[in-house]
Amino acid sequence: MFAQRLAFPFRSLPAVLMMAIVLPLLGGCGYNTIPTAEENAKAAWSEVLNQYQRRSDLIPNLVETVKGYAAHEKDTLDAVVEARAKATQITVTPETLKDPEALKKFQDAQAGLTSALSRLIAVSEAYPDLKANQNFLALQAQLEGTENRIAVARRDYILAVKDYNLTLRTFPSVLWATFWFRSNEPFANFTVEEDKMQPPKVDFGTKQGG
């Protein structure tokens, strides 16, 4: 019995030594590359969602302000409200980014809202009093800033997904994907045509002096 107990540490010693050798190699050879890239892509997507939500939060106030000066533009106002409702109903969480169809629906809904906002802004050009309204000017600045943030967040997500997807297909990280991260799949990326994803111009003519 004593001899067995004495032998046990020595039998486990090779395994301990092997772990001591292998673990640093795992880190040094890029074992963490895939999970790191995955988390970066998820974080980038969360920022995309944050900025789209910021835009969505501005729209009710924008619609009410325009309505105060151009209530008879009912069709345009209703189109924005409807597009906003549709856009907020379709969500893609960081955990479901593997579904290209879900992301496509999300993009289409957001592009529809962008288009509706563009029409509303174009209509607003015909109302000088509206363009001079202080609340409207504040909304202009906020909306313009938000559209810029959306563009940046979308670009950062595209780059993060490109990096993550490449780690699943290129050497040496493809080895980790094959043996250790088999359940990892490429993330979907933006596929809507670039011209449809362009932010609406939110000048309202104020930068030209009205």
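Thresholds, definitions, all that
- Residues numbered from 1 in each chain as written.
- Predicted model: local features only at pLDDT ≥ 70, side-chain atom pairs only at ≥ 80, totals over all residues.
- Heavy atoms only, no water.
- Phe/Tyr/Trp six-rings, centres within 6.5 Å; stacked < 30°, edge-to-face > 60°.
- Helix = DSSP H or I, 4+ residues; strand = E, 2+ residues; numbered from the N terminus.
- Buried < 20%, exposed > 50% of the residue type's maximum accessible area, 1.4 Å probe, protein only.
- Core = buried A, V, L, I, M, F, W, Y, C linked by side-chain atoms within 4.5 Å.
- Contact = heavy atoms within 4.5 Å.
- pLDDT = per-residue confidence, 0-100.
- Salt bridge = Lys/Arg side-chain N within 4 Å of Asp/Glu carboxyl O.

Before going further, it helps to spend a moment on the packing of aromatic side chains. All told, the structure shown has nine aromatic pairs when counted by the stated rule. Taken together, a centroid distance of 5.3 Å and an interplanar angle of 90° make the contact between Y31 and W180 edge-to-face. Within this pair, whereas Y31 is found in the loop between α1 (2-28) and α2 (33-69), its partner W180 is found in the loop between α7 (173-179) and α8 (194-197), the two being separated by 149 residues in sequence. Centroid distance Y157 to F190: 5.7 Å. Interplanar angle 85°. Geometry classified as edge-to-face. Taken together, the positions of Y157 in helix α6 (residues 134-167) and F190 in the loop between α7 and α8 put the pair 33 residues apart, joining distant regions of the chain. Its relative accessible area of 15% is what places F190 among the buried residues. Each residue in the set W45, Y52, F106, Y157 and F190 is aromatic and connected to the rest through ring pairs, giving one cluster.

This part covers the nonpolar core. In terms of nonpolar packing, the biggest core is built from 25 residues, with I34, W45, V48, Y157, Y164 and F187 touching the most fellow members. Mapped onto this core, the elements with two or more residues apiece are α2, α4 (100-124), α6 and α7. Per-element tally for this core: the top contributor is α2, with seven residues. Once residues within four sequence positions are removed from consideration, W45 is found in contact with V92, T93, P94, L97, L103, F106, Y157 and F190. Counting 22 residues, the second largest nonpolar core, distinct from the first, contains L58, L77, A87 and F136.

This prediction gives the chain a mean pLDDT of 83; 77% of its residues lie at or above 70. Within the model, pLDDT remains below 50 along residues 2-10, and this stretch shows one contact once partners closer than five positions in the same chain are excluded. Confidence drops under pLDDT 50 across residues 202-210; counting only partners more than four residues distant or on other chains, this segment forms 22 contacts.

What follows is about unusual backbone geometry. The peptide bond linking F171 to P172 adopts the cis configuration, its omega dihedral lying at 5°. Relative to the helices and strands, P172 is located in the loop between α6 and α7.

One pass over the structure, following the stated rule, counts eight salt bridges. One salt bridge connects K67 with E64, and the closest N-O pair in it is separated by 3.3 Å. Taken together, the positions of K67 and E64, both in helix α2 and three residues apart, correspond to about one turn of that helix. Taking the relative accessible area as the measure of exposure, K67 reaches 37% and is therefore partly exposed.

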